[in-house]
Amino acid sequence: MDQIYTPLVSVRNCRQAYHKDSSADLVVLDDVDLTLHEGEIVALLGRSGSGKSTLLRIVAGLLKPTSGEVNWRGSPLKGPAPGVAMVFQSFALFPWLTVQENVELGLEALGVGREDREERSEEAIDLIGLGGYDGAYPKELSGGMRQRVGLARALVVHPDLLLMDEPFSALDVLTAETLRTDLIDLWMDGKLPVKSILIVTHNIEEAVLMADRILVFASNPGRVAHELKVPFTHPRNRFDPAFRQMVDDIYGIMTRRKAPEIHTTTAAAPNPFSHPLHPVGTNMMAGLLETLNSQPYNGRADLPALSAALQFEVDELLPLGETLSMLGFALLEEGDLQITDTGRHFAEAETEDRKDIFAEALRAHVPLVTEIRNVIDQRSNHRAAAVRFRDQLEDYMSPEYAAETLRTVIAWGRYAEFFEYDEEAQQFSLEEDDEAEHEE
Amino acid sequence: MTNYTPPALAGQRLPNRFDGAAMLLVMALLIALVEVGRTTIGTPIAQIENTPIHLDPSWLPYYALRSTARMFLALFFSLIFTFTYATLAAKSRRAGMVLIPILDILQSVPILGFLTFTTVFFLHLFPGEVMGAELASVFVIFTSQAWNMAFSFYQSLTTLPDDLQEASRSFRLSSWQRFWKLDVPFAMPGLVWNTMLSMSGGWFFVVASEAVTVGNTQFTLPGIGSYVAVALAKEDLPAIFYAILTMLVVILLYDQLLFRPLVAWSTKFRFETTAAVAGPEPWMLKLLRRTALFRSIGEMIGGVFGTIFQLRLSFRQPGQVDETSEPSRIIDGAWFLMITAVALYAAWHIVGYVSSTLHWHDLFTAVLMGVYTAIRVTVLMIIASLVWVPIGVWIGLRPKATRIAQPIAQFLAAFPANLLFPPVVLAIVYFHLAPDIWLTPLMLIGTQWYLLFNVIAGAAAFPGDMKEAVANFHIHGWLWWRKVMIPGILPYFITGALTASGGAWNASIVAEVASWGHHTLIAHGLGAYIAQATAAGDTPRVVLGVVVMSCFVIFFNRILWRPLYAYAVRRTTLG
């Protein structure tokens, strides 16, 4: 240790994994390092499932990492530290407490006396622009006002470190922008009673707008793929070419990095159960392909521009783009989305033909669909329980991903008329045309 | 209208093997109570000073007060039980494995069957004192209230929103602070609603538990129930009508002064992000909120509790959650082993007890009687459904009618049906009707209202846009019932039907045997079996009857209502 002063937080070789009996552990975070110094805003940027929120909770002392060390001001973290306060994506306000009571919550836990409490909460409420709302209940407030309460509640304890878990993603675009600029203004004026901010986001522009440093996360397993310093001074201008370039670069980083295999499969044949599918609807895909195929894109679109035009977050656009590229409808490269011939064909086809093209793409690129169809065909009653496929998926991914992948494959298979699904019995079956129904 | 899932319908809980253990434990507990009691059952009754009951109506306000006091005392104990038992079950995984199945069994045990065991037990605890009899009565009321309150609280504790839990941990609330800031407020709407249902059901047991005869032990406590019992014995019809009138007034007061203000107040704790359209504020709540005197009293009480709730008491510091670590298998194993050992011991105890006094044909008789009662309950439910579903739907689709009828139905559900028995019994005696058929409706007099007000709630909650779609497509007649209305109200109907049929089983113990002066009417059934065994002090048969009835109730809940409800919820809701 050759440091002269101790950083606020230092995380070393942090790993978070869930043990599975049947196969290898599910790794959520792999070998992550993070150091936070006083006076900086750091953003953890990544897609959902990249483990950025998990890292935030580890830093908050809410979650114990499987291995690795977490130090808070030089000493190991054993639980929620007194100098850390958190702002939640869902606001996490207590609906039965008034604004003031919500704000005082953290002070009560510290055992601060009543008068002192009132004075400090008043201060925080005024600072964050909530004056006059003291006696209101959260449900009387708009989303933006609620998140202001969340902020005031965190600031009132004068934390050294403010943790923010996607604080603006539940808000509409305009409200989110107002809150962001208000927060940055307070930070620049030195009015925030905090020393450092760690913010989790999946919004690239938000990260470039607010942070001094950005850690870009990659998924499967979650890890830090890139670290960037943001050289701009506040207030930042979104339309500054250098700003745009940085956003573009990050799009490039996030699309270039293909998720590596969780398992190195020995055989050449792809394992139908090893890849999680994004829960992307067929209407969504069709809509994007049509948009891409028409003016002004004419088959090729810059992702940041597309994201702005469609009002899509990266978190929605990237899974969509990746799914299209997996199905061979489009190519995703260097932050651009390029339609393929199949994709163009699909976009221009009629409803029934679209189903055929989609079925063809599924057969070629999604081995899970083929596997399910094979199992149904082999059965004498042409029925197969969904649970066996879910179990096999769970050998390779978390139960949530397995359930999501299964739901997605059901929706796609139904659209392509590959098979039918009985939700009540949780069974796959063949279409009625193929197989006369015996039951009911 | 507020609608909560009754505890018995709430999905899959825990593996079934624990249910078996729980059943054994509950049975052994009942037998243990009897064993303790049996030694005292022969002691002379003269030791208990029975206060004479006056049939003069001027005594009724005093009796009503005594009955109400018992009710609230029981409620107090139920709350304490709820806060401790349910919290333990929710916070400790291992305790929950055992405690929840036990609760599940307990709520299916017919409460009136308990009367024997508990009376004997409490009289033994306080020999020769009125205290024993009072406690026995309070305990019966407690058993009618506590289980569903505890269940409701447990369910709330297991569905606490993650973000609020994380917020309380990250702001480092102590476990005591967290309990009063998060756990209790979050559970409040469900708890208040269940408390109200419990209180409504409780009046029935207040009336039933005040005048009790077990073998040759007999007591009457001053109260409305005793008043009615004495009136029955003396064939005093006007007195019975006075009692009914008093009860109506009591329930009206309780409804207006407590029920409505509390429910309105508890909406503050509803976990929802949008402000709901609030109904008119009940006048009592308005009075409490607007009157300076009441308000300052309220603030004073609130201040005291606020200070207590803020104490930073904690059993342990809120630490990190270690999602990686798995519960120790060794401790789990030891725990299972211990449960198995206790269950086996209970089984051994039960077999020993039963084999010394009962034979196989006793079990056969009890089950046969159970089948009779089951047939009765089934027929009644069908008739009641045919009557109340059309009426309920008609009312529910008309907002104006709903506003008038809904409070009346809830009010009637609270009215102790046993007070209405005497006129019916009198009619049966007078017209020489067959008790096997005509005593049957008594079982459902009190509980049919649950069916009605749930159906009303269901029809009232039917979405407006769907009503418009139905009108637009000209859907009428049988098709309308089959495809639209019945699926639309199904979850509500099942909720009501479960409550009604459960209540009917319980009521069979007082409804299958009825008396008027020296006339005693007996119908064939498990209720009469238990009632007669109780009156004869034949404790082994009481145990057998109670256990068989519990099994019937559990069987119906598991085989019929729970799957039906799950099906209805899955199939009739979007998303």
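Residues numbered from 1 in each chain as written. Chains lettered and ligands numbered in written order. Predicted model: local features only at pLDDT ≥ 70, side-chain atom pairs only at ≥ 80, totals over all residues.

K.L.:
I would appreciate a short explanation of the packing of helix 8 (residues 282-293) of chain A against helix 10 (residues 314-326) of chain A in the present structure.
P.N.:
Describing two packed helices takes the angle between their axes plus the distance from one axis to the other. Residues and elements named next belong to chain A. It is the contact of helix 8 with helix 10, at a shortest axis distance of 11 Å, that shows an interaxial angle of 85°. In terms of orientation, helix 8 and helix 10 fall into the roughly perpendicular class. For the pair formed by helix 8 and helix 10, the contact residues are M284, M285, L288 and L289 on the first element and L320, T323 and L324 on the second. The residue makeup of the contact of helix 8 with helix 10, split by class, is six nonpolar, one polar and no charged. (Axes fitted to C-alpha atoms, helices over the stretch in contact; angles between N-to-C directions. Helix = DSSP H or I, 4+ residues; strand = E, 2+ residues; numbered from the N terminus. Parallel < 35°, antiparallel > 145°, perpendicular 65-115°, else oblique. Contact = placed C-beta atoms within 7 Å. Nonpolar A, V, L, I, M, F, W, Y, C, P; charged D, E, K, R; others polar.)

K.L.:
Where do I start with the interface of chain B and chain A in this structure?
P.N.:
The extent of an interface is frequently quoted as the accessible surface area lost upon association of the parts. Counting from both sides, the interface comprises 31 residues of chain B and, opposite them, 26 residues of chain A. Among the secondary structure elements, those contributing two or more residues to the side of chain B that touches chain A are helix 6 (162-170) and helix 7 (175-209) of chain B.

K.L.:
I keep staring at the sheet that holds strand 11 (residues 300-302) of chain A and nothing clicks. Help me out?
P.N.:
Hydrogen bonding along the main chain pairs the strands of a sheet, whether they run parallel or antiparallel. Residue and element names in this part refer to chain A. Overall, antiparallel pairing links the three strands, which are arranged 11-13-12 in an open sheet. If you trace the sheet from one side to the other, it starts and ends with strand 11 and strand 12 (330-333), each paired once. Each adjacent strand pair in this sheet contributes to an overall mean axis angle of 15°, direction not counted. For strand 12 and strand 13 (residues 336-339), the ladder comprises four bridges, and the chain directions are antiparallel. (Pairing = 2+ DSSP bridges.)

K.L.:
Explain the nonpolar core here, please?
P.N.:
Looking at soluble globular proteins, one finds that nonpolar side chains tend to be buried together. Residues L163 of chain A together with A243 and V455 of chain B are the most contacted members of the largest nonpolar core, which totals 291 residues. Of all the elements, helix 5 (residues 130-158) of chain B adds the most residues to this core, at 16 residues. Two domains each put at least three residues into this core: domain 1 (64-269) and domain 2 (357-575) of chain B. Sequence-distant contacts of L163 of chain A, defined by excluding residues within four places in its chain, comprise L56, V59, A60, V84, M86, V87 and L198 of chain A. (Core = buried A, V, L, I, M, F, W, Y, C linked by C-beta atoms within 7 Å. Buried ≥ 20, exposed ≤ 12 C-beta atoms within 10 Å, placed from the backbone. Domains from an automatic or database assignment.)

K.L.:
Is there a simple way to explain the packing of helix 20 (residues 477-511) of chain B against helix 21 (residues 526-536) of chain B in this structure?
P.N.:
Residue and element names in this part refer to chain B. One way to put it is that helix 20 packs onto helix 21 with a least axis distance of 7 Å and a crossing angle of 50°. Relative to helix 21, the element helix 20 lies oblique. Handedness of the helix 20/helix 21 crossing: right-handed. Mapping the contact onto sequence places S508, I509 and A511 in helix 20 and L526, G527, I530 and A531 in helix 21. Taken together, the residues of the contact of helix 20 with helix 21 sort by class into five nonpolar, two polar and no charged. (Left-handed = near helix turned anticlockwise from the far one by under 90°.)

K.L.:
So what exactly am I meant to see when it comes to the sheet that holds strand 14 (residues 383-385) of chain A here?
P.N.:
Residue and element names in this part refer to chain A. Ordered by their spatial adjacency, three strands build an open sheet running 14-16-15, and the pairing between neighbours is antiparallel. This sheet does not close on itself; its edge strands, each paired only once, are strand 14 and strand 15 (420-422). Pairs of neighbouring strands in the sheet enclose a mean axial angle of 25°, with direction left out of account. The pairing of strand 15 with strand 16 (residues 427-429) spans three bridges and is antiparallel.

K.L.:
Which parts of the structure should I look at to understand the domain arrangement of chain B?
P.N.:
Residues and elements named next belong to chain B. Along its sequence, chain B is carved into domain 1 (64-269) and domain 2 (357-575). Taking the mean C-alpha position of each, domain 1 and domain 2 sit 21 Å from one another. Between domain 1 and domain 2, the contact holds 28 residues from the first and 31 residues from the second. Elements with a minimum of two residues in the side of domain 1 that touches domain 2: helix 4 (111-125), helix 7, strand 1 (211-214), helix 8 (224-233) and helix 9 (237-266). A total of six residues in the side of domain 1 that touches domain 2 trace back to one element, the largest contributor, which is helix 9.

K.L.:
Honestly, helix 18 (residues 448-460) of chain B in this entry has me stumped. Any pointers?
P.N.:
Structurally, the α-helix is built with 3.6 residues per turn, so residues lying three or four positions apart point the same way. For helix 18 of chain B, with 13 residues, the first-to-last C-alpha span of 19 Å sits near the 18 Å given by 1.5 Å per residue. Here helix 18 of chain B lies mainly inside the structure; 13 of its 13 residues are buried. (Expected span 1.5 Å × (residues − 1).)

K.L.:
Please clarify how the environment of E115 of chain A should be interpreted in this entry.
P.N.:
Turning to its location among the elements, E115 of chain A is positioned in helix 3 (residues 114-127). Residues E115 of chain A and K229 of chain A, 114 residues apart in the sequence, show an inter-C-alpha distance of 43 Å.

K.L.:
Looking at this structure, I do not really get the confidence of the model for chain B. What am I missing?
P.N.:
All names here are of chain B. For chain B, mean pLDDT is 80; residues scoring 70 or higher make up 87% of the total. Considering only residues more than four positions removed or in separate chains, one finds that residues 11-15, a stretch of pLDDT under 50, has five contacts. Confidence estimates for the predicted assembly give a pTM of 0.82 and an ipTM of 0.78. (pLDDT = per-residue confidence, 0-100.)

K.L.:
What's the story with the confidence of the model for chain A in this structure? I'm lost.
P.N.:
Detailed reading of the predicted model is not advised wherever pLDDT is low. Residue and element names in this part refer to chain A. Across chain A, pLDDT averages 86, with 92% of residues at or above 70. Every residue in residues 259-268 scores below 50 in pLDDT, and together they form nine contacts with partners more than four places removed in sequence or on other chains. Contacts of residues 434-440 to residues separated by more than four positions or lying in other chains number three contacts, the stretch itself having pLDDT below 50.

K.L.:
Help me understand unusual backbone geometry, please; the structure alone is not making it clear to me.
P.N.:
Phi is mostly negative for residues that are not glycine, and the peptide bonds are mostly trans. All names here are of chain A. In this structure, P235 follows H234 across a cis peptide bond, with omega equal to -10°. For P235, the location among the structural elements is in the loop between strand 10 (223-229) and helix 7 (241-256). Each neighbour pair has its own omega, and for Q295 with P296 the value is -5°, a cis peptide bond. With respect to the helices and strands, P296 occurs in the loop between helix 8 and strand 11.

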